[in-house]
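# Reading the structure
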Amino acid sequence: MWKGSNPMAEVPTEVRSAGRIRTSGLSLGAGLAEDLQQRPQVDYEGVIEQLFNHVSGLDELPKPLDPQLEECAIQLWNWAVTKRVGTAINKTQKAKVRHVACSLLYCSAPDNPPEGIVRKCILMASKTGRTWLDCKKSQLADPFLTLAVKSLEILYSQLTSRGDGGSDIDASKGEVERDLLRVLSYQAESAVSKGSQQEAVVCMQRCKDMLARLPKEASYLSLMCYNFGVDSYNLKMFEESSFWLSQSYDIGKTNRKYCPGPEVQARVLRLLATVYLEWDCQQFQEKALNAVSLANKECMSASGLYLKIRILLRSGALDEAVTAGVNDQLESDAPLEVCLSTVKLIMSADRETLAFDNLKRVCQHFESSPELSAASVLHIEMLLQRGKELLGKQKIEDIITGHYTGKQLTPQSLASLHLLLWDKAAKHFEAKNYLEALQWYNYSLSFYKGGQMEPNLAKLQRNRASCLLLLKQLDKAKDAIKEAERCDPDSIFTQFSVYKMAIQEKNIEKAVEALTAMGRLAKSPVSSKDRLLVCENAASSLLSLAAQIALENEEQDTAMKALETLCENSSDEAYVLTALRCLVRLVLSTMKTASDEVRNVRLEVLLSYLKMALQKVSKCNTVPCEAAEQHIEDANWFRKIAWNSALQCESSPGRMKDFFLLSYQASLLLSQLCPPSRALLMAQRTCLLMGAAASLELCRKSPHSVQTEELTKALENIQVCTEVWKTMSASGNFPNDQTNTLLLLYEFEARVKLNDPKVETILESILELENVETQVLETIAALSMEPPAHFPLLCKKALRVALSLHKKTPDVDMARCRQCVHSLIQLSLPSGVSEVEERVLEEVWDYYEEALSIIAAAPEDFPEMESLWLLTRAWNTGILLYSLAQYPEAEKWCGLGISFLRHLGSLQESYQTQMSGLYSEVLDRLDRAKKIHVMEE
């Protein structure tokens with residue numbers, strides 16, 4: 001909509017002064033003003049702001065002030081004028097400088113200022129107010145506009161007081177009145193911007209009262225009122241808009257010589273009619289028609305005639321009145337485009353018969369026009385809108401025939417017809433009426449020549465192929481797809497059509513090739529010619545649909561290939577996560593009946609999917625609130641899948657470890673997306689514990705050369721789990737929970753296999769636990785001596801504590817006590833030693849006493865072979881001591897061995913016979929040895 005420009009185009013105006021006055025030392029901003037004029041450009045903003053803050057309001061400034069302020073004000077004003085050109089200072093900064101300069105001038109003026117100062121005040125005040133209005137700051141403009149009016153009144157009074165001064169005085173008074181009119185119009189503009197309608201009306205009325213003496217200002221005032229009307233219309237303030245537009249028209253017709261031309265007057269009236277139409281057409285029908293009729297009388301135009309018909313239709317006028325309006329259009333030689341728009345308008349008002357009648361008349365009127373084909377297309381569109389498809393098809397077939405007999409449509413009309421045909425075909429396709437959709441696409445195809453190369457033709461052939469595939473006309477569909485490939489082979493939509501055809505033909509190799517091409521094309525940006533028809537996620541949508549088509553045709557591997565292609569090439573996390581969910585479900589569904597070998601392969605594939613899913617979810621941890629809930633659900637879903645998958649890998653500790661760690665990582669992501677709950681912390685703890693256990697189990701089955709890395713990873717998991725457990729322990733009570741024990745046990749195993757000296761500290765921590773179980777200590781003992789570990793002292797310490805705890809239980813487990821004693825003796829008296837320390841003999845003797853007490857407590861439950869083992873070890877120790885000439889100790893240990901004979905069962909007689917003879921021989925030798933020893937002494 002046309003709107004008038006600023007009625008007062010400002011010209012840079014300098015204020016003249018009598019001479020240069022020194023400004024150094026001036027009060028109230030004078031120093032800042034001088035500083036501003038001397039500073040480089042980069043420092044303007046700060047000084048201007050300081051100036052403005054010093055002189056923020058006229059009422060706040062004391063008076064009188066230093067008379068040199070007048071010169072300071074003039075210099076500051078002129079500086080702003082010189083900086084106005086270009087970008088040295090912006091509009092707001094210029095307004096602030098003028099604000100300061102004008103304020104200083106008024107403060108420096110005497111109570112009865114001479115005419116020269118008054119004129120300077122008028123100039124500065126009016127321009128300062130105007131500048132603030134341009135900055136949309138009417139509150140700041142108002143005081144200066146008021147000052148300008150007062151100064152103009154003072155000047156007019158001064159001129160009048162001179163009496164009859166001749167033509168010069170009259171001319172000066174005329175200039176004052178013209179300036180006053182401008183300032184009053186500014187005040188009206190300010191009032192309108194503030195919504196003060198009555199204030200604006202008063203100001204404008206004063207301006208109108210002055211038009212008799214200033215007839216040349218009528219055009220200016222008319223344009224000003226028009227602009228007020230436009231602003232009010234844009235704000236939907238129809239009452240105010242109608243007032244100002246009426247004022248604009250009334251002022252415009254006061255003096256034809258100086259007022260706007262008929263084109264401008266017609267424009268004002270058309271907008272006034274539009275205001276009445278949109279305000280309340282039924283209530284203001286007559287006013288709207290009168291306004292548009294006056295507009296057409298002022299200056300006939302196509303837009304005015306169209307607006308009249310629009311008003312007639314909205315007000316429910318008779319068909320005859322509307323037809324008369326159409327006749328006016330035809331008689332005024334309105335363009336065909338406008339006439340056809342009028343026909344559409346009539347049709348949209350549900351006047352079908354009238355619309356078709358007038359379309360016929362329009363076609364007759366423009367019978368010789370080369371643009372008449374647009375009317376034919378509109379005729380088809382109207383027929384289809386009213387459900388007259390048969391008549392529409394006949395009209396289309398006539399146009400096709402004419403297309404090949406010299407009556408071709410214009411390119412623009414042909415493009416419109418194609419869109420119309422495609423839209424109709426798409427609606428039938430959505431309704432699953434594929435045969436009908438194909439017919440409408442075939443109509444469009446009829447306008448293309450054989451061998452024509454055009455992207456739109458490729459789209460058309462793809463759409464035809466979709467219909468033919470669903471109609472099971474595979475040969476025709478294949479031909480359509482070949483044509484699409486010929487026209488646009490590098491389109492992802494073309495490759496999708498190739499894919500659909502390959503699936504129908506069970507040509508899996510070709511389907512995979514098409515998916516590969518789709519993946520490659522998915523990385524390319526959507527071309528401009530496709531951007532109007534598809535969304536940015538078209539590639540992801542097509543690949544998702546490709547997977548669905550494969551599943552519907554029981555081609556699961558192909559479906560997985562389509563989903564994998566989507567995951568590899570899509571940047572949309574939502575699409576990728578949905579695809580990964582589908583892939584996970586598909587893999588899980590195939591594992592139930594798969595062989596162990598295939599199952600292991602599927603588990604590796606599943607592991608890769610879960611890793612990719614967690615990477616995608618991790619990128620979404622800073623998401624808008626509305627999407628956070630979905631990402632929480634995704635992370636939790638993949639966490640549970642990883643957990644359940646880990647439980648299915650009992651035979652593969654390495655894979656079990658990987659799944660548990662993935663489940664832990666998913667729980668960490670959940671902690672970032674939402675406050676961690678107790679259940680989530682427990683899940684993290686369990687994942688880390690199970691992962692560490694799986695790592696240790698993997699080490700047990702792996703060669704020593706590859707254990708170090710796994711053990712180090714296990715230690716890292718244990719440390720993290722320890723921190724999680726500390727957090728959990730601090731937030732609640734967990735009675736009878738074994739987490740701490742398991743953590744220490746796992747850490748002990750990892751460190752003992754790494755030959756880490758910290759194992760002693762770990763054992764001490766275990767022993768400090770409340771109610772430590774004997775099984776834990778026995779496990780510690782076994783781990784201490786399990787190759788490559790060799791920590792016999794730690795082993796014996798754990799066994800001794802375990803034995804002590806066993807003996808303290810109400811129901812002593814003699815079998816486990818016996819095993820502890822056995823292990824302690826075996827560690828202290830290893831086989832094949834050539835000497836034994838006295839300290840060790842004393843220690844082992846204590847263990848034998850423990851063994852004898854166990855036998856005494858339950859002689860019938862003590863295994864015969866265990867008694868034989870104890871007998872043999874004691875006897876052999878005695879023989880060793882005998883060989884070392886430790887005769888008393890030898891006799892002691894051999895006697896200990898003999899004492900176990902009575903605990904043998906079926907073997908007692910055999911061993912008693914052998915050992916009695918040997919024992920006698922040993923005793924004889926011992927006696928001789930003792931005698932020789934005495935003789936030597």
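Now for a look at the structure at hand. The written sequence of each chain sets the order in which its residues are numbered from 1. Residues qualify for local features only when their pLDDT is at least 70, as the model is predicted, and side-chain atom pairs are given and counted only at 80 or more; totals for whole chains, interfaces and linings, by contrast, use all residues. Each side-chain value is worked out from all heavy atoms of the structure, with water and hydrogens disregarded.

### Considering the nonpolar core
- Only buried residues count toward a nonpolar core, which is a set of Ala, Val, Leu, Ile, Met, Phe, Trp, Tyr and Cys residues joined through side-chain atoms within 4.5 Å. Between buried and exposed lies partly exposed: a residue is buried under 20% and exposed over 50% of the maximum accessible area for its type, with that area taken using a 1.4 Å probe on protein chains only. Among the nonpolar cores identified, the biggest contains 114 residues, and L417, Y499 and L610 are the most heavily contacted of them.
- Helix and strand definitions follow DSSP, with helices as H or I runs of at least four residues and strands as E runs of at least two, each counted in order from the N terminus. The dominant element in this core, judged by the number of residues it contributes, is helix α31 (residues 653–673), at 10 residues.
- What L610 contacts, discounting residues up to four positions off in sequence, is V584, F638, I641, A642, F659 and L662.
- Counting 68 residues, the second-largest nonpolar core is a separate cluster that includes L51, A95, C135 and M224. A contact between two residues is defined here by any heavy atoms of the two lying within 4.5 Å.

### Description of the side chain of Q684
- With respect to the element layout, Q684 can be found in helix α32 (residues 678–700).
- Judged by its relative accessible area of 4%, Q684 is buried.
- Polar side-chain contacts of Q684 include one of 3.4 Å to the backbone oxygen of S667.
- Each polar contact in these results corresponds to two N or O atoms within 3.5 Å; when the atoms are within protein, one needs to be able to donate a hydrogen and the other to accept it, and residues that are neighboring in sequence are counted only if both atoms are side-chain atoms. Only 2.9 Å separates the side chain of Q684 from the side chain of S671, close enough to count as a polar contact.

### Details of the packing of α31 against α32
- Fitted lines through C-alpha atoms give the axes, limited to the stretch in contact for helices. The angle between two N-to-C directions lies from 0 to 180 degrees. Here α31 crosses α32 at 160°, and the two axes come no closer than 8 Å. In terms of their interaxial angle, α31 and α32 are classed as roughly antiparallel. Along this stretch, α31 crosses α32, giving a crossing that reads as left-handed. Residues P653, G654, M656, K657, F660, L661, S663, Y664, S667, L668, L670 and S671 of α31 form the contact with α32, whose participating residues are L680, Q684, C687, L688, M690, G691, A694, S695, E697 and L698.
- Of the residues that constitute the contact of α31 with α32, the class distribution is 13 nonpolar, 7 polar and 2 charged. These descriptions rest on fixed angle ranges, namely under 35 degrees for roughly parallel, over 145 for roughly antiparallel, 65 to 115 for roughly perpendicular, and the rest for oblique. Take the far helix as your reference; a near helix turned counterclockwise from it by less than a right angle gives a left-handed crossing, and one turned clockwise gives a right-handed crossing. In this classification, Asp, Glu, Lys and Arg are treated as charged, Ala, Val, Leu, Ile, Met, Phe, Trp, Tyr, Cys and Pro as nonpolar, and every other residue, Gly included, as polar.

### Some points on helix α28 (residues 573–591)
- Between its first and last C-alpha atoms α28 spans 27 Å; for 19 residues at 1.5 Å apiece the expected length is 27 Å, and the two agree.
- At the N-terminal end of α28, a side-chain oxygen is found 3.0 Å from the backbone nitrogen of A574, two or three residues along, and the residue is D572. Helices are assigned an expected span. That span is 1.5 Å times one less than the residue count.

### Quick notes on the packing of helix α27 (residues 556–569) against helix α29 (residues 596–618)
- For the pair α27 and α29, the least separation of the axes is 12 Å and the interaxial angle reads 30°. Between α27 and α29, the angle falls in the class roughly parallel. In this structure, the crossing between α27 and α29 has a hand that is left-handed. The residues of α29 that touch α27, namely those facing D557, M560, E564 and C567, are R602, Y609 and M612.
- Looking at the contact of α27 with α29 residue by residue, the classes come out as 4 nonpolar, no polar and 3 charged.

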